[in-house]
Amino acid sequence: MKQLVETKAARLRLKLLGASALMVLLVACGDHPPKDDDDGEDPPPQNAAITIVAGDPTASGTRDATGTSARFNTPRGITIDASGNLYVADQVNATIRRITPSGVVTTLAGRAEARESIDGTGANARFTSPAAIAIDSNNVMVVADARAVRRVGLDGRVDTLFTLPIGSNVASGSLNHVYTGGIDVDSSGNVYVTNGYGTRRINSFGVATMIEGVATQNNLTGTRDFLPRGVAVDDSNVVYVADLTNTISKVNGTGNGLTRFVGSSGITGSTNGTGTSASFERVVAMTADPQGNLYVADGVNNLIRKITPGGVVSTIAGTVRGTSLKTGPLEGSSFADLRGITTDGKGNLYATSGHAVIKIVLP
């Protein structure tokens, strides 16, 4: 009996040795079972830095191409879809451009420098001065285009949702003050849009309600500047507006009127701090991440600012009043004119700076 037990044990050891030898051979030949894709490990973090996605910050144009070979002319608004495609309101070219995750730039709608307001598809559509852009959960974009709020599908089909009225005695040189400069959309399809003297909520039927300022302004004479003011809706449908007093406010619970969030009325600057101790020069665009943090394109200062849900303001990139784009690490970075900003919700911001679209990897 003892010899039988030993014989069985010897056979088992032989089988185990044979299996081990086979595994060594398979590994050596490279024909081993594939590992789990994520193997339970997170991908290595990216270094916090600024890079150019497409375009050249100092060279304007209207070329569809890849990466830095593409050209824009004063790109302003920017948004991103769930697949990582970017959409840019290319203001002076009067077109909507699309950038794939690999950096391929095409013109989705409009024709370069053919400025009108015509509904249509692709190159048959026309824009006047597209300045801001946002995308809803159904992949329909809304565009702030001069006096009009336009809708753009992923197929390039364009229609008009709403047109802002003009008051009486408005000089042609003052129309910039009427033009829309900021836009976003909530989960119910309500569009929030700003101009030089008001903020509106527009429902999906094109009915507008004033939540700040006045519906029309009369007796606008002389030449007035375009006044882009950022607006952002977070994942909880909280609406933030860069208001007419140079602070950032929330739309209050009734949906009409504003409640101050950060900044002090009429005070400009670049001071970081909490609540009213912070200051901004000109909040031209905003975006909100899934955690409720706001990221602000602070124009004139040319800074990217972060605002936590608790109202703590900090500067994460840029040099105060820098005038040229400096890529690389966030520390010591600078921007050409900042005009638009969006987030992919994964720790990356995308912005328009000069004539380029840039990526900002957050720390």
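Residues numbered from 1 in each chain as written. Predicted model: local features only at pLDDT ≥ 70, side-chain atom pairs only at ≥ 80, totals over all residues. Heavy atoms only, no water.

An unreviewed UniProt entry lists the protein under the name SBBP repeat-containing protein, from Massilia agri.

Asker: Account for the pattern of salt bridges, with residues named and values stated.
Answerer: Here the structure, examined in full by the defined rule, presents nine salt bridges. Residues Asp145 and Arg150 are paired through a salt bridge, measuring 2.9 Å at the closest nitrogen-oxygen approach. For the pair shown, Asp145 and Arg150 are each scored as buried. Here Asp337 ties to Arg339 by a salt bridge, and the two come within 3.9 Å at their closest N and O atoms. One salt-bridge network, held together by shared partners, links Asp64, Asp90 and Arg97. (Salt bridge = Lys/Arg side-chain N within 4 Å of Asp/Glu carboxyl O. Buried < 20%, exposed > 50% of the residue type's maximum accessible area, 1.4 Å probe, protein only.)

Asker: Got a sec to walk through the environment of Arg260? Specific residues and values, please.
Answerer: Its place among the elements puts Arg260 in strand β18 (residues 258-262). For Arg260, a relative accessible area of 42% puts it in the partly exposed group. For the pair Arg260 and Ile248, spaced twelve residues apart in sequence, the C-alpha to C-alpha distance is 6.3 Å. Sequence-distant contacts of Arg260, that is, excluding residues within four places in its chain, are made with Thr245, Thr247, Ile248, Ser249 and Ser265. (Helix = DSSP H or I, 4+ residues; strand = E, 2+ residues; numbered from the N terminus. Contact = heavy atoms within 4.5 Å.)

Asker: Provide a residue-level description of the pairing of strand β8 (residues 141-145), including the pertinent values.
Answerer: Among the five residues of β8, five are classified as buried, and the element is accordingly described as predominantly covered. In β8, alternate side chains face the same way, and those of Met141, Val143 and Asp145 on one face and Val142 and Ala144 on the other are all buried. Pairing of strand β7 (residues 130-135) with β8, which is carried by five bridges, proceeds in the antiparallel orientation. From the neighbouring strand, Ala134 faces β8, where its bridge partner is Val142. (Pairing = 2+ DSSP bridges.)

Asker: Give a detailed account of the sheet that holds strand β16 (residues 239-242), specifying residues and quantitative values.
Answerer: One open sheet holds the four strands; their spatial order is β15-β16-β17-β18, and the pairing between them is antiparallel. One side of each edge strand has no neighbouring strand; the edge strands of this open sheet are β15 (231-233) and β18. For this sheet, the mean angle separating the axes of adjacent strands, direction not counted, is 30 degrees. With four bridges joining them, strand β17 (residues 248-251) and β18 adopt antiparallel strand pairing. (Axes fitted to C-alpha atoms, helices over the stretch in contact; angles between N-to-C directions.)

Asker: Report on the environment of Thr194, specifying residues and quantitative values.
Answerer: Positionally, Thr194 belongs in strand β12 (residues 191-194). Counting along the chain gives twelve residues from Thr194 to Gly182, while the straight-line C-alpha distance between them is 5.1 Å. Ignoring sequence-local partners within four residues, the contact set of Thr194 consists of Tyr179, Thr180, Gly181, Gly182, Thr199, Arg229, Val231 and Val241. Within the structure, the side chain of Thr194 is placed 2.7 Å from the backbone oxygen of Arg229, a separation counted as a polar contact. (Polar contact = N/O pair within 3.5 Å; in protein donor to acceptor, adjacent residues only side chain to side chain.)

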